[in-house]
Amino acid sequence: TVNFSTTTQSATLQNIIESSMEKRSKEKLGPIGGRQAIIFCDDFNMPQKVSSSSPFQPPLELLRQFIDYGGWYDRTKCHWR
């Protein structure tokens, strides 16, 4: 369960989701035990926007990238996960 608030940042969201995953190979992550993962997001529209004129909310954009492309970039090693 991911509980969004106005202080939720994209790095926090990435850490929460990655903490429930295990390393499958050198660069791939997957659910623990080879199962399927279900991520429940509560208060989806709570994260703060970048600015008043911008419609983007970085945590939601990261979640969209994860759903659309099946992963994201590792923040420390700069490679696709």
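Counting from 1, residues in each chain are numbered in the order their sequence is written. Note on the predicted model: pLDDT of at least 70 is required for a residue's local features to be given, and 80 or more for side-chain atom pairs to be given and counted; whole-chain, interface and lining totals, by contrast, use all residues. The side-chain quantities take in all heavy atoms of the structure and omit both hydrogens and water.

## Considerations on the pattern of salt bridges
The term salt bridge refers to a pairing of a side-chain nitrogen on Lys or Arg with a carboxyl oxygen on Asp or Glu at a separation within 4 Å. As enumerated under the stated definition, the model contains 3 salt bridges in all. Glu61 is the salt-bridge partner of Arg64, the closest N and O atoms lying 3.2 Å from each other. Taken as a pair, Arg64 and Glu61 lie in helix α2 (residues 58-69) at a separation of 3 residues, close to a single helical turn. Accessible area is worked out with a 1.4 Å probe on protein chains only. A residue is then buried under 20% of its type maximum, exposed over 50%, and partly exposed in between. According to the relative accessible area criterion, Glu61 is partly exposed, its value standing at 29%. Of the charged contacts, one joins Arg64 and Asp68 as a salt bridge, the two residues approaching to 3.1 Å between their closest N and O atoms. Linking Arg64 with Asp68, this pair stays in helix α2, spanning 4 residues, or about one helical turn. A run of DSSP states H or I qualifies as a helix once it reaches four residues; a run of E qualifies as a strand once it reaches two. Both are numbered from the N-terminal end.

## Considering helix α1 (residues 10-19)
Residues spaced three or four apart along an α-helix face the same direction, because each turn holds 3.6 residues. Of all the positions in α1, only Ser10, Leu13, Gln14, Ile17 and Glu18 are classed as buried. Around the axis of α1, the buried residues are gathered within 125 degrees of arc, so they sit on the same side. Only heavy atoms enter the contact rule, under which two residues are in contact if any of them lie within 4.5 Å. Against the buried residues of α1 lie β1 (2-3), β2 (21-23), β3 (29-31) and α2. Directions from the helix axis toward the C-beta atoms define the arc.

## What to know about the environment of Gly71
One can find Gly71 in the segment after α2. Each C-alpha atom of the pair Gly71 and Pro58 lies 15 Å from the other, and the pair is 13 residues apart in sequence. Setting aside anything within four residues of it in sequence, one finds Gly71 in contact with Gln65, Phe66, Trp80 and Arg81.

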